[in-house]
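# Observations on the model geometry
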Amino acid sequence: MGPLGFGQPRLWIGLIRPDDTMSAHLIQIEEIPPSADAKMCEPLLEMCQYIVGRDGNDGSVAFLLTRPGRNPMNDADRSWARGLTSAAYELGVSIRPVHFANDVELRVFAPDDLVV
């Protein structure tokens, strides 16, 4: 990916094999809306379910939400983490903790960030 610094908001998707190694390819989704919910994230998680299966048997998925700027994580960013996590739970897709990055920091969405 390179150093921190992003020109536009993106959602990055990494596929993790059952042996905990990551696929060499990262998937980027550009021009994402500022916020999301589980219903919006469901089609994406359905695609992930097709690839990694249910309950982690064939792997898991890692998500990184990136956006430009120095502003700290906000409610719109948290909505993405909640949406992805909720949709994954509903579909039985194993995901790793969702991460966030802007131009100055990279961090995980903590459990407290997922509470409405």
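The structure under discussion appears in the preceding block.
Residues numbered from 1 in each chain as written. Predicted model: local features only at pLDDT ≥ 70, side-chain atom pairs only at ≥ 80, totals over all residues. Heavy atoms only, no water.

### Some details on helix 2 (residues 75-91)
Its 17 residues give helix 2 an end-to-end C-alpha distance of 24 Å, which sits within 8% of 24 Å, the value for a rise of 1.5 Å per residue. Among the residues making up helix 2, those that are buried are Asp77, Arg78, Ser79, Trp80, Ala81, Arg82, Gly83, Leu84, Ala87, Ala88 and Leu91. Its buried side turned inward, helix 2 meets strand 1 (10-16), helix 1 (38-52), strand 3 (60-66) and strand 4 (99-101). Downstream of helix 2 by one or two residues, glycine 92 has phi in the positive range, about 75°. (Helix = DSSP H or I, 4+ residues; strand = E, 2+ residues; numbered from the N terminus. Expected span 1.5 Å × (residues − 1). Buried < 20%, exposed > 50% of the residue type's maximum accessible area, 1.4 Å probe, protein only. Contact = heavy atoms within 4.5 Å.)

### Topic: helix 1
An α-helical turn contains 3.6 residues, so a residue and the one three or four places further along point in the same direction. Along helix 1, the sharpest change in direction is near 30° and occurs at leucine 44. Turning to helix 1, its buried residues are Cys41, Leu44, Leu45, Cys48 and Val52. In this structure, the buried residues of helix 1 make contact with strand 1, strand 2 (22-30), strand 3 and helix 2. Two or three places before lysine 39, at the opening of helix 1, aspartate 37 has a side-chain oxygen 3.2 Å from that residue's backbone nitrogen. Positive backbone phi, at 80°, marks glycine 53, one or two positions downstream of helix 1. (Bend = angle between axes of the 7 residues up to and from the residue. Polar contact = N/O pair within 3.5 Å; in protein donor to acceptor, adjacent residues only side chain to side chain.)

### With respect to the pattern of salt bridges
For the structure shown, the criterion picks out 6 salt bridges. Where arginine 10 meets glutamate 30, a salt bridge forms, and the shortest distance between an N and an O atom there is 3.2 Å. Residue arginine 10 is found in strand 1, and its partner glutamate 30 is found in strand 2; the two are separated by 20 residues along the sequence. According to the relative accessible area criterion, glutamate 30 is partly exposed, its value standing at 39%. Across the salt bridge formed by arginine 67 and aspartate 77, the nearest N and O atoms sit 2.8 Å from each other. Of the two residues, arginine 67 sits in the loop between strand 3 and helix 2 while aspartate 77 sits in helix 2, which places them 10 residues apart along the sequence. A residue is classified by how much of its surface remains accessible, and arginine 67, at 11% relative accessible area, is buried. A relative accessible area of 4% places aspartate 77 in the buried class. (Salt bridge = Lys/Arg side-chain N within 4 Å of Asp/Glu carboxyl O.)

### Re the packing of helix 1 against helix 2
Taken N-terminus to C-terminus, the directions of helix 1 and helix 2 make an angle of 55°; their axes are 8 Å apart at the nearest point. Here helix 2 runs oblique to helix 1, going by the angle between their axes. Classified by chirality, the crossing of helix 2 by helix 1 is right-handed. Side by side, helix 1 and helix 2 meet where Ala38, Met40, Cys41, Glu42, Leu44, Leu45, Glu46 and Gln49 of the first sit next to Trp80, Gly83, Leu84, Ser86, Ala87, Ala88 and Leu91 of the second. Residues belonging to the contact of helix 1 with helix 2 are distributed by class as follows: 10 nonpolar, 3 polar and 2 charged. (Axes fitted to C-alpha atoms, helices over the stretch in contact; angles between N-to-C directions. Parallel < 35°, antiparallel > 145°, perpendicular 65-115°, else oblique. Left-handed = near helix turned anticlockwise from the far one by under 90°. Nonpolar A, V, L, I, M, F, W, Y, C, P; charged D, E, K, R; others polar.)

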